[in-house]
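Reading the structure
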Amino acid sequence: MKSLNRLFSPKTIAVVGGGAWCRLVIEQCQKMGFDGDIWPVHPKAEELAGLQAYKDVASLPDAPDATFIGVNRFATIEVVRALSERGAGGAVCFASGFLEAQAEDSEGADLQAQLLEAAGEMPFLGPNCYGFINYLDGALLWPDQHGGKRVEKGVALVTQSSNIAINLTMQTRGLPIAYVVAAGNQAQSGIAAIGEALLEDDRVTALGLHIEGFGDLRAFEALAAKARTLGKPIIALKVGKSAEAQAATISHTASLAGGDAGASALLSRLGIARMDDLPSFLEVLKLLHVTGPLPSNRIASISCSGGEASLAADTGHDLPVVFPPLNDSQRENLRAALGPMVALANPLDYHTYIWRDTEAMTRAWSAMMDPSLAMTLLIVDFPRADRCSAEDWDCAIAAAIGARQATGANVALVASLPELLPEAVSEQLMASGVVPFCGLREALVACAAAAEPRAEMGEPLLLPTAVVEPSLVSEAEAKFRLGHYGLRVPKFIRAKSPGMARAAAADIGYPVVLKGEGIAHKTEAGAVVLGLRSGGDVSEAADAMPTERFLVEEMVNDAVAELLIGVVKDPAHGFVLTLAAGGTLTEILQDSTSLLLPASDAAIDAALDGLKISKLLAGYRGKPAADRAAILRAIKSVQSYVLAEAEGLEEIEINPLLCTPTDAVAADALMRRKDFMK
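Throughout what follows, the structure given in this document is the object of discussion. Worth saying up front: this structure is predicted, and the values here are computed from it rather than measured. (Residues numbered from 1 in each chain as written. Predicted model: local features only at pLDDT ≥ 70, side-chain atom pairs only at ≥ 80, totals over all residues. Heavy atoms only, no water.)

If you walk through the whole model with that rule in mind, you get eleven aromatic pairs. Ring plane angle 55 degrees and centroid distance 5.2 Å describe the contact between W21 and F94, whose orientation is recorded as tilted. Of this pair, W21 sits in helix α2 (residues 20–32) while F94 is found in the loop between β6 (91–93) and α4 (107–119), placing the two residues 73 residues apart along the sequence. Look at F94 and Y130: their rings are 5.9 Å apart centre to centre, the planes differ by 50 degrees, and that puts the pair in the tilted class. Pair noted here: F94 is in the loop between β6 and α4 and Y130 is in the loop between β7 (124–125) and β8 (131–134), with a separation of 36 residues, a long-range link. Members of the aromatic cluster, connected to one another through ring pairs, are W21, F68, F94, Y130 and W142. (Phe/Tyr/Trp six-rings, centres within 6.5 Å; stacked < 30°, edge-to-face > 60°. Helix = DSSP H or I, 4+ residues; strand = E, 2+ residues; numbered from the N terminus.)

Looking now at the environment of K612. Of note, K612 is situated in the loop between α21 (601–609) and α22 (614–618). Separated by 32 residues in the primary sequence, K612 and A580 place their C-alpha atoms 9.0 Å from one another. When residues no more than four places from it in sequence are discounted, the contact partners of K612 are L589 and D591. (Contact = heavy atoms within 4.5 Å.)

All right, on to the nonpolar core then. Proteins that are soluble and globular tend to have nonpolar side chains buried together. One finds F8, L125 and F437 to be the most contacted residues of the largest nonpolar core, which totals 107 residues. By residue number, the principal contributor to this core is helix α16 (residues 440–450), which donates nine residues. Residues contacting F8, with those up to four places away along its chain left out, are L125, F132, N134, Y179, V181, I194, A197 and L198. Counting 42 residues, the second-largest nonpolar core is a separate cluster that includes A561, L617, I631 and L649. (Core = buried A, V, L, I, M, F, W, Y, C linked by side-chain atoms within 4.5 Å. Buried < 20%, exposed > 50% of the residue type's maximum accessible area, 1.4 Å probe, protein only.)

This next bit is on α21. It helps to recall that an α-helix has 3.6 residues per turn; residues three or four apart then point in one direction. Of all the positions in α21, only I604, A607 and L608 are classed as buried. In an axial view of α21, the angular spread of the buried residues amounts to 100 degrees, which keeps them on one side of the axis. Of the surrounding elements, those touching the buried residues of α21 are β25 (561–570), β26 (574–581), β27 (592–596), α22 and α23 (628–644). (Arc of directions from axis to C-beta.)

Let's shift gears to the side chain of S594. With respect to the helices and strands, the residue S594 is situated in strand β27. Separated by 3.2 Å, the side chains of S594 and T578 make a polar contact. Not counting the four nearest positions on each side in its chain, S594 is found in contact with A261, A265, V576, L577 and T578. (Polar contact = N/O pair within 3.5 Å; in protein donor to acceptor, adjacent residues only side chain to side chain.)

In space, the seven strands of this open sheet follow the order β9-β8-β11-β10-β12-β13-β14, with mixed pairing throughout. Because the sheet does not close on itself, it has two edges, and the strands there are β9 (139–141) and β14 (273–275). Between one strand axis and the next, the sheet turns by 15 degrees as a mean value, whatever way the strands run. (Pairing = 2+ DSSP bridges. Axes fitted to C-alpha atoms, helices over the stretch in contact; angles between N-to-C directions.)

So, on to the layout of surface pockets. The volume enclosed by the largest pocket comes to roughly 1,600 Å³. Lining the largest pocket are 47 residues; nearest its centre among them are S264, S268, R269, E452 and P453. Secondary structure elements with two or more residues in the lining of the largest pocket: α9 (261–270), β14, α10 (278–291), α16, β27 and α21. The element that contributes the greatest number of residues to the lining of the largest pocket is α9, accounting for six residues. Of the residues assigned to the lining of the largest pocket, the class counts are 24 nonpolar, twelve polar and eleven charged. (1 Å grid on protein atoms, 1.4 Å probe; cavity = no way out; pocket = protein on both sides within 12 Å on 5 of 7 lines; lining within 4 Å. Points joined across faces, edges and corners; volume = space filled by probe spheres on them. Nonpolar A, V, L, I, M, F, W, Y, C, P; charged D, E, K, R; others polar.)

This paragraph deals with a negative patch on the surface. On the surface, a cluster of negative charge is contributed by D537, E540, D543 and E548. Along the chain, the position of E540 falls in helix α19 (residues 535–544). (Patch = residues over 30% accessible without salt bridge, like charges linked within 9 Å, V, L, I, M, F, W, Y side chains within 5 Å. Areas by Shrake-Rupley, 256 points an atom, 1.4 Å probe, with all protein chains shown as cover. Salt bridge = Lys/Arg side-chain N within 4 Å of Asp/Glu carboxyl O. Lys, Arg positive; Asp, Glu negative; His and termini not counted. Charge placed at Lys NZ, Arg CZ, Asp CG, Glu CD.)

Residues L585, I588 and L589 make up a contiguous nonpolar surface patch of about 250 Å² in total accessible area. If you trace the backbone, L589 turns up in helix α20 (residues 585–589). Looking at L589, the relative accessible area reads 30%, which means it is partly exposed.

Purely geometric numbers; function is a separate question.
Set out below in structure tokens:
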């Protein structure tokens, strides 16, 4: 496929079709001041929206850079073919009824295949697609209303939903939008490829993606690499958290890693911050447009109310932001600006003594803006314009801009309620390099997201393999296979009767663990007994188990913590490595984190540190620490197996991994896979 750049920044636009949708495309371009040529195409009409019409693509003066195709799905295929043969730059396919609405063996699937064949190397958006708006050049292949205006630079937004795209253009938050693109069913041009093309425009400052599903994982890796090269951040709103976890619930790993964990792990790996709602999505894009990524999560808050200062502190309490104590320089400068009546702290209540005194407000706010801070938040809510006068708030606008100019610091003016920051004020602040935040929590979420450390791009993802019908591998066989890749497992012997189990225990040496084989949920079925110290104990335990096959293992003592190491194949995202509190704590704590394979040593280390039980691993309240190197070896052994034996593998779970001061031993191992004849 050729580049999308000619399509997104056209000099000539063709509009094929004669309905109201097509007429609106032309009118929107005219209204926005598009200075290129617009060529309506209609087999019978002589003019459309006041412009000369051409009977077909072959009659056009030249190959158009961009074409809106507003005819039925059957005619769309032939128009695409004609455009491709003529060397057009690209098209928007508005018609629906292709693969997005049909089963795989239906007419829609066949029509989509024909559409792709007709396009050849010519790029297109859709089908079932509204198209795009280029607010930089006034080029709109967009058959509906929108709320944006021309800008010189701004953020680019890509979504799979045309309605959400329209809503985003209606924002009144002062966010300059350079592009809005609705991707449709992505028959050819996916979200990642669209994002890459938009980032290449020097006037685009950041990219926001609304994602329903990822599709081509390699394309998203390429997008992330392009963003890093250009130094432009990407923010994502990924839907799907409410999806049910994977149907396979034979292990804890399947439920811990099911549903949304793979998506979060993928975005984290790509260095794309994830938002949970549209307001926060827009606010962090606003911040990134003004400042770019923040160097840290250290922030300050200033307000003229103790209630607002407390609200800021409490709102940030469960977010990864820090309000550091004032340093000596801040205290000295604030005291000089505010006098002795104000209690100095961060967040700061500066009272109302200096309100309306723009010079004093500028000095006080500047005094808080220490170089060690990534952002200073000035909390100011504006009165209702229909009932109150806002003249008294001009001092706040001037002081915010003045403090920014005096210090060069990152500065934001925050309305604690989103509706209490007028759009005109937001635009004035943005033009002066001050971030206008609509909503206190949204502001703090934006600061946290902009300060997220971006992991270095590692090896390419291990892509998911073909779906198979797996079998449950016996525990002994699973341990044997994983042990071959370096996983430390207890000494074990398989036994086909209680008597053989007793003999095996004598060979291993007491105490031992007895397990019934062929049972998935051994603990619940009473098929695991620990700490057996005699042959009689082994016989009694074996007789009580609902099986005639057993596994006898050495007993590992002195564990300071138990971990779960699991891998699940996620068809949408790759192989998800889950690390969690293990043993009986797995269900109780729900303490887990997920990565995609292959994972670097640094990523695994950081994931372990993020667990609640990391304190146990480090040695808690005088207890000995676990052998961290042994834990890492165990995790990397499981990873090595997956990388080498991915074909046919569905799931692995080590639970628990017994973490001792000198070792890390896989006490239990579960594996589901299909083995192929070689």
